[in-house]
2 protein chains.
Amino acid sequence: MSLAVDNNGAQPLPESLIATLTELLGERFTMSNSVREHHGKGEAYHTAALPDGVAYGNSTDEVSAIVKACAAHGTPVIPYGTGTALEGHTLALRGGISLDVSGMDQVIRVSPEDMDCTVQAGVTRNQLNEYLRDTGLFFPVDPGADASLGGMSATRASGTTTVRYGAMRENVLALTVVLADGRVIQTARRARKSSAGYDLTRLFVGSEGTLGVITEVTLRLFGIPEATQAAVCSFPDLESAVNTVITVVQCGIPIARCELLDKTGMKMICDYGKLDDYTIGDTLFMEFHGSEAGVTEQAAQVQAIAADYGAGDFKWASKPEDRTKLWEARHNGHYAILATAKPGQNVMATDVCVPVSRLAECILATKEDLEQSGLVSPFVGHAGDGNFHMSIIANYDDEAENKLAHDIHDRLVHRAQDMEGTCTGEHGIGSGKIDYLEEELGGAVDVMRAVKRALDPDNIMNPGKILRL
Amino acid sequence: MSLAVDNNGAQPLPESLIATLTELLGERFTMSNSVREHHGKGEAYHTAALPDGVAYGNSTDEVSAIVKACAAHGTPVIPYGTGTALEGHTLALRGGISLDVSGMDQVIRVSPEDMDCTVQAGVTRNQLNEYLRDTGLFFPVDPGADASLGGMSATRASGTTTVRYGAMRENVLALTVVLADGRVIQTARRARKSSAGYDLTRLFVGSEGTLGVITEVTLRLFGIPEATQAAVCSFPDLESAVNTVITVVQCGIPIARCELLDKTGMKMICDYGKLDDYTIGDTLFMEFHGSEAGVTEQAAQVQAIAADYGAGDFKWASKPEDRTKLWEARHNGHYAILATAKPGQNVMATDVCVPVSRLAECILATKEDLEQSGLVSPFVGHAGDGNFHMSIIANYDDEAENKLAHDIHDRLVHRAQDMEGTCTGEHGIGSGKIDYLEEELGGAVDVMRAVKRALDPDNIMNPGKILRL
């Protein structure tokens, strides 16, 4: 892994800012190396970039005071939740303060009748679902990692259940945001829908910390389904699996999850999770939510459609412990892949999303490209959304291999864009996809720049992410 | 009705702009009184405000050329679709050009496999559904009026099916927008989800023509359900009806529509639609979409829940012609109400939305307020969303009666806001709710203002709507 960049040529922290933050936060402001290193590291292929200090804000008021202090000195502020972002969002590319909101871990309010809740930004999705356990409600968005709900909002996360329940875009009702000058706003009321002015909620959802710090999130909740059933089924090829998904969605069958794994990926997770009773092939992992009768009907319909596309047997998991085992295997995909890596190797996650009719074509062309390179990667897709990930295994410290992997990624992104798709379905732009965003949306990026300049004229909020100003 | 305001003290149109638009559009640019009057009128309680001219743009390029010409002279541009907006969005409060896109009536593309389509902004929802008839797909958002899809995007419309299919917010995938200086942008690719930068799609959805002119809309589509069943059921009181809806939604029953009508409203539509076999009481109009078995199950579940809350018999309508009759009656609510008005009387539509747990309370308190005034209004609610409308019947030319009605509205909005609700669930801010927006979102409106100034520095796009600059 490349050496970390410390401070990156930025101004050192002003003494008066250090004094202000120390007075405000006591030990919750630190410049210790280990804490800075923890907050400034990214994924394998992102060079770490350390903040000059880390400030732990435990309330909206504290976050506001921290931002105000930084703004007074033009010091960058990098919001930090659980550090699970995949596009280097938390790297301090221009030094500054990593603003860690993980201490904001309170569920503020749950309204079962309205099926919504408000949480502090540091609450993770698993913490929330644990809290909700006795209410009969759950929060469905599931990006895999146990990310903070503030961070999931900031990256417009989605994941395995989007095909049924929507992404963060659809499930955030309102946000409390600390702006770049420390002002605090509430983007919307708690009403389930509203036409009251510009949709600031969705402007901040996906803004990756570049417009402000999200401190509270109001979320839609859903009733825990009466019945849940999961199934795994292998197909003769990727195209048959994708066509099954297209037909299922067209028929209006409200499938809750339908995850695509190619043969390589299936082998990795079966080896890692010691699942020895599954066929190693191009596979769909599915889940059905509904009433007992509804789930039975959905499952039968899907099975019939899959059979038309030559699917093998369905392996059912209706008992909670079997389902948990299954989805743990799927969620542990990242570790399963890492487990196959040799010393010095690491993985690069890709994240294109295309219209679902082009999904099989996009994957197959990319597979061919990959095979020619000699590198290895599984393919994992949120098939109902047309979104898929590679995890390209390579030695990223080896220049040639690094280039090989990045060239594959480059061609993948352009392939997806040529298919009217996007360079990122759910991970965000971060610092690595700024040029791709320009290629993808052209003049629209000028509008984003205008918005950024209007809300953060001094460019202190997570500078170097999403946009080149 | 109050007299129309013509030009409103604004500068007359510059001769050179008239020449440019005439050269560009020929007879599709007009300054005729009748056309200006048609484009500058609002609802009963909005005083008409005439544009100085009307320009019919038939393509994105033409719209861009029109906006550029207006921008060169600082002349206001007021986008116009079908003129069905309810908050005076099309009034030319500062004169200028009404930019009519009704001629942009082409369905550009339908992709059945991806379940999406792209239409020009002037295509209405009924036109689109007519076009889709043979594809097995439909576009669900149904605000009642046969509005243009550009206009529905611009006001963030929703309506009767939102509880199941979402509002325009959820169903617009991408927009083509002409900015205030005539530049053309595409807000997103056609991927079903994306984390590529700020969510400009949703910034323009609900921007009411104040940030640019929407010229093309990419929309999600849905499969026409295998089975549909509608039912009408009366309840002992409003609270029982609302509690039924809350329970239905909590149980995860995917009800497609659940419309609340109070006794007054039910009598009006039954009289108008000659529906003589319904109980005149507080009523739910419901619709179920799904498989044959699914619809039967949903209906049985809802019937059981309703019975717990003391509901009367269900009247079923599973034949298409019966359903059409039913929903026509509901959709003709506005005309049914007008039919009860005496000469000189008109109606004012209200549009608050509250957390659904407060819906019954909000309606009941407002009913009491209304009764004390002596005025009459039905209550019609999109109950699953917590959104309801009054149509206050009054003589708005009578100063005392006008004040009486507006005072009721004022107290209604504050009541809803006190319940964490909003002054507008789906009609928008227009010019009449600018102060309510300030009260509702406070400092967030400053952020909206900053965005507006950044994207339309000369304030030519539909000035006087949403924000006071």
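Novice: I tried to follow the overall build of chain A on my own but got confused; where do I start?
Specialist: A count of helical and extended segments in chain A gives 17 helices and 20 strands. Taking 23 Å as the expected radius of gyration for a compact globule of 469 residues, we find that chain A reaches 22 Å, a close match to that expectation. Considered along the principal axes of its C-alpha atoms, chain A spans approximately 70 × 60 × 40 Å. Considering chain A as a whole, with its 469 residues, one finds that 59% of them fall into the buried category.

Novice: In this structure, what is going on with the interface of chain A and chain B? I would like to understand it.
Specialist: A common way to state how big an interface is: give the accessible area lost once the parts meet. Contacts between chain A and chain B engage 77 residues on the former and 77 residues on the latter. When residues of the side of chain A that touches chain B are traced back to their parent elements, those giving at least two are α7 (168–171), β11 (184–186), α8 (200–204), β13 (222–223), α9 (238–250), α11 (292–308), α16 (434–441) and α17 (443–455) of chain A. Residue classes in the side of chain A that touches chain B are distributed as 33 nonpolar, 26 polar and 18 charged.

Novice: Looking at this model, I keep getting lost on the relation of the copies chain A and chain B. Mind explaining?
Specialist: The relation between the two copies of this chain is a rotation about an axis and a shift parallel to it. Overlaying chain A with chain B gives an RMSD of 0.0 Å, the required rotation being 180 degrees about an axis along which the chain moves by 0.0 Å. The two molecules are tied by a two-fold rotation axis, judged by turn and shift. When the interface residues of chain A are mapped onto chain B, 100% of them again lie at the interface, so the same face is used by both copies.

Novice: How should helix α14 (residues 359–373) of chain B be read in this particular structure?
Specialist: Residues spaced three or four apart along an α-helix face the same direction, because each turn holds 3.6 residues. Residue and element names in this part refer to chain B. Given a rise of 1.5 Å per residue, 15 residues ought to cover 21 Å, and the 21 Å separating the end C-alpha atoms of α14 matches this to within 8%. Buried within α14 we find Leu-359, Ala-360, Cys-362, Ile-363, Thr-366 and Leu-370. Angular distribution of buried residues about the axis of α14 spans 155 degrees; they occupy a single face of the element. For α14, the exposed residues set more than 90 degrees away from the buried face come down to Glu-368, Glu-371 and Gln-372. The elements touched by buried residues of α14 are α9 (238–250), β19 (379–382), β20 (387–394) and α15 (399–418).

Novice: Explain the sheet that holds strand β2 (residues 29–30) of chain B here, please?
Specialist: By definition, the strands of a sheet pair up through backbone hydrogen bonds, in either a parallel or an antiparallel sense. Residues and elements named next belong to chain B. In spatial order, the strands read β2-β4-β6-β5; together these 4 strands make up an open sheet with mixed pairing. In this open sheet, the two edge strands, each paired with only one partner strand, are β2 and β5 (77–80). Bridging between strand β4 (residues 53–56) and strand β6 (residues 97–100) involves 4 bridges; their strand directions are parallel. Paired with Gly-53 across the two strands is Ile-97, which belongs to β6.

Novice: What am I meant to see in the pairing of strand β14 (residues 227–235) of chain B here?
Specialist: Remark: a regular strand shows side chains that alternate across the two faces of the sheet. All names here are of chain B. Counting buried positions along β14 gives 7 out of 9 residues, so the element sits mostly inside the fold. Pairing of β14 with strand β16 (residues 282–290), which is carried by 9 bridges, proceeds in the antiparallel orientation. Paired with Val-232 across the two strands is Phe-285, which belongs to β16. Sheet topology note: the β14/strand β17 (residues 314–317) ladder contains 4 bridges and is antiparallel. Bridged to Cys-233 within β17 is Phe-314.

Novice: Sorry if this is basic, but what is going on with the nonpolar core here?
Specialist: Nonpolar side chains tend toward joint burial in soluble globular proteins. Core analysis: the biggest nonpolar cluster contains 290 residues, and A:Leu99 and B:Leu99 have the highest contact counts within it. Ignoring any residue separated from it by four or fewer positions in sequence, one finds B:Leu99 in contact with B:Ala55, B:Gly57, B:Val63, B:Ile66, B:Val77, B:Ile78, B:Pro79, B:Tyr80 and B:Val213.

Novice: How should I be thinking about the packing of α14(B) against α15(B) in this particular structure?
Specialist: Helix-helix packing is characterised by the crossing angle of the two axes and by the distance between the axes. Residue and element names in this part refer to chain B. Viewed as axis vectors pointing N to C, α14 and α15 meet at an angle of 160 degrees, and their least axial separation amounts to 10 Å. By the criterion of interaxial angle, the relationship of α14 to α15 is roughly antiparallel. By crossing handedness, the relation of α14 to α15 is classed as right-handed. Counted together, Cys-362, Ala-365, Thr-366, Asp-369, Leu-370 and Ser-373 of α14 and Leu-404, Ile-408, Arg-411, Leu-412, Arg-415 and Ala-416 of α15 form the full contact between these two elements. Partitioning the contact of α14 with α15 into residue classes produces 7 nonpolar, 2 polar and 3 charged.

Novice: In this structure, what is going on with the environment of A:Glu37? I would like to understand it.
Specialist: The topology assignment puts A:Glu37 in helix α2 (residues 33–40). For the pair A:Glu37 and A:Asp6, spaced 31 residues apart in the sequence, the C-alpha separation amounts to 8.9 Å.

Novice: I'm lost on unusual backbone geometry in this one. Help?
Specialist: With the exception of glycine, the majority of residues adopt a negative phi angle, and the majority of peptide bonds are in the trans configuration. Located in the positive-phi region is A:Ile466, a residue other than glycine, with phi close to 65 degrees. On the secondary structure map, A:Ile466 appears in the segment after α17. The backbone phi angle of B:Arg156 is positive, close to 50 degrees, even though this residue is not glycine. Of the residues examined, B:Arg156 has 28 C-beta atoms within 10 Å and is grouped as buried.

Novice: What should I look at first to understand the environment of B:Asn395 in this one?
Specialist: Residue and element names in this part refer to chain B. Mapping Asn-395 onto the fold places it in the loop between β20 and α15. Residue Asn-395 is classed as partly exposed on the basis of its C-beta count, with 17 C-beta atoms lying within 10 Å. Taking the C-alpha atoms as reference points, Asn-395 and Arg-415, 20 residues apart in sequence, are found 24 Å from one another.

Novice: For this particular structure, what's the right way to read the sheet that holds strand β2 (residues 29–30) of chain A?
Specialist: All names here are of chain A. Strand order in the open sheet formed by 4 strands is β2-β4-β6-β5, and the pairing between neighbours is mixed. With partners counted over all chains shown, the strands left at the sheet margins are β2 and β5 (77–80), one partner each. Relative to strand β6 (residues 97–100), β5 runs parallel, the two being bridged by 4 bridges. Residue Ile-78 lies in a different strand from β6, and its bridge partner there is Ser-98. Across the sheet, helix α3 (residues 60–73) lies against β4 (53–56), β5 and β6, angled at about 170 degrees from β6, the strand it touches most.

Novice: What am I meant to see in the packing of α17(A) against helix α17 (residues 443–455) of chain B here?
Specialist: With their axes 9 Å apart at the nearest point, α17(A) and α17(B) run at an angle of 135 degrees to one another. As far as their axial angle goes, α17(B) and α17(A) are oblique. In this structure, α17(A) meets α17(B) at a crossing whose hand is right-handed. Counting all contacts with α17(A), which are made through A:Val447, A:Ala450, A:Val451, A:Arg453, A:Ala454 and A:Leu455, the residues of α17(B) involved are B:Val447, B:Ala450, B:Val451, B:Arg453, B:Ala454 and B:Leu455. Per-class residue counts for the contact of α17(A) with α17(B) are 10 nonpolar, no polar and 2 charged.

Novice: What exactly am I supposed to notice about the domain arrangement of chain A here?
Specialist: All names here are of chain A. Here the domain parsing of chain A yields domain 1 (5–102), domain 2 (107–223), domain 3 (227–334) and domain 4 (341–426). For domain 1 versus domain 2, the distance between C-alpha centres works out to 23 Å. Contact with domain 1, which involves 17 residues of that partner, is made by 22 residues of domain 2. Going through the elements one at a time, α3 and β5 are the ones with two or more residues in the side of domain 1 that touches domain 2. Per element, the largest residue contribution to the side of domain 1 that touches domain 2 is 6 residues, and it comes from α3. Its residues placed into classes, the side of domain 1 that touches domain 2 shows 9 nonpolar, 7 polar and 1 charged.

Rules used throughout
- Residues numbered from 1 in each chain as written.
- Chains lettered and ligands numbered in written order.
- Predicted model: local features only at pLDDT ≥ 70, side-chain atom pairs only at ≥ 80, totals over all residues.
- Helix = DSSP H or I, 4+ residues; strand = E, 2+ residues; numbered from the N terminus.
- Rg over C-alpha atoms; globule rule 2.2 N^0.38 Å.
- Buried ≥ 20, exposed ≤ 12 C-beta atoms within 10 Å, placed from the backbone.
- Contact = placed C-beta atoms within 7 Å.
- Nonpolar A, V, L, I, M, F, W, Y, C, P; charged D, E, K, R; others polar.
- Least-squares fit on C-alpha atoms with pLDDT ≥ 70 in both.
- Expected span 1.5 Å × (residues − 1).
- Arc of directions from axis to C-beta.
- Pairing = 2+ DSSP bridges.
- Core = buried A, V, L, I, M, F, W, Y, C linked by C-beta atoms within 7 Å.
- Axes fitted to C-alpha atoms, helices over the stretch in contact; angles between N-to-C directions.
- Parallel < 35°, antiparallel > 145°, perpendicular 65-115°, else oblique.
- Left-handed = near helix turned anticlockwise from the far one by under 90°.
- Domains from an automatic or database assignment.

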